[in-house]
Amino acid sequence: MPRTSTSKDIKFDRLLNKIKSDYPNITFSEGEDFSWNHSKSSISYNKKSKHATTDLLHELGHIELDHISYSSDLSLLKKELEAWEIAKNIAKKFNISISENYINECIESYRLWIHKRSLCSKCFQNGLEISEKKYKCINCDHRWQVSSAQESRVYRKSLAK
């Protein structure tokens, strides 16, 4: 049975069409998640998401700020915060309200991810990011490398001293 459009879908489609005309050099494609790909100048979106409109505006924030990549976990967190600030400004243009609670939930998910990456697998104390994706424990001097994937499970690989 074909899926029928809901009022939420129609509103999202209208917004997306307006945004496409404002950003003609950006490619928009439906996908599983929301993401900005600088090298392809494309935004992937999932209009079935509970916060589809808000997440789309957030990705536009990354475009406006010309976010390309990040070199450390803290620089990623900073870029996420900056993109939310721009998203709030873009939202005003479209007369859309963005929930501060939702923004805080999103930022908290990054904070938790960073915290997990920084935990030493030997003594479970927080370590310091000493270079891109590499950490050192300030308690036991253990060193580890983490993946760049932002998935729910954090992977750490021990490094030789």
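To keep things clear, this report deals only with the structure shown in the data block. Note that this is a predicted model, so its numbers are computed, not measured.

### Quick look at the packing of helix 3 (residues 73-93) against helix 4 (residues 100-118)
When two helices pack together, their arrangement is captured by the angle between the axes and the distance separating the axes. Look at helix 3 against helix 4: their axes get within 10 Å of each other, and the N-to-C directions meet at 175°. Judged on the interaxial angle alone, helix 4 and helix 3 are roughly antiparallel. Contacts between helix 3 and helix 4 involve Asp73, Leu76, Leu77, Glu80, Leu81, Trp84 and Lys88 from the first element and Glu100, Tyr102, Ile103, Cys106, Ile107, Tyr110, Arg111, Trp113, Ile114 and Arg117 from the second. A per-class count over the contact of helix 3 with helix 4 returns eleven nonpolar, no polar and six charged.

### Here we look at the sheet that holds strand 6 (residues 143-146)
Strand order in the open sheet formed by four strands is 4-5-6-7, with antiparallel pairing between adjacent strands. The strands lining the two open edges of the sheet, one partner per strand, are strand 4 (127-131) and strand 7 (156-158). Taken over all neighbouring pairs, the strand axes of this sheet differ in orientation by 35° on average, direction set aside.

### A look at the packing of aromatic side chains
One pass over the structure, following the stated rule, counts three aromatic pairs. Ring centres of Trp84 and Tyr102 lie 5.9 Å apart, and the angle between their planes is 90°; on these two criteria the pair is classed as edge-to-face. Taken as a pair, Trp84 in helix 3 and Tyr102 in helix 4 lie far apart in primary sequence, 18 residues in all. For the pair formed by Trp84 and Tyr102, the shared burial category is buried. With a centroid separation of 5.6 Å and 5° between ring planes, the pair formed by Tyr135 and Trp144 is classed as stacked. In this structure Tyr135 comes out as buried when scored by relative accessible area, which is 2%.

Parameters and conventions
- Residues numbered from 1 in each chain as written.
- Predicted model: local features only at pLDDT ≥ 70, side-chain atom pairs only at ≥ 80, totals over all residues.
- Heavy atoms only, no water.
- Axes fitted to C-alpha atoms, helices over the stretch in contact; angles between N-to-C directions.
- Helix = DSSP H or I, 4+ residues; strand = E, 2+ residues; numbered from the N terminus.
- Parallel < 35°, antiparallel > 145°, perpendicular 65-115°, else oblique.
- Contact = heavy atoms within 4.5 Å.
- Nonpolar A, V, L, I, M, F, W, Y, C, P; charged D, E, K, R; others polar.
- Pairing = 2+ DSSP bridges.
- Phe/Tyr/Trp six-rings, centres within 6.5 Å; stacked < 30°, edge-to-face > 60°.
- Buried < 20%, exposed > 50% of the residue type's maximum accessible area, 1.4 Å probe, protein only.

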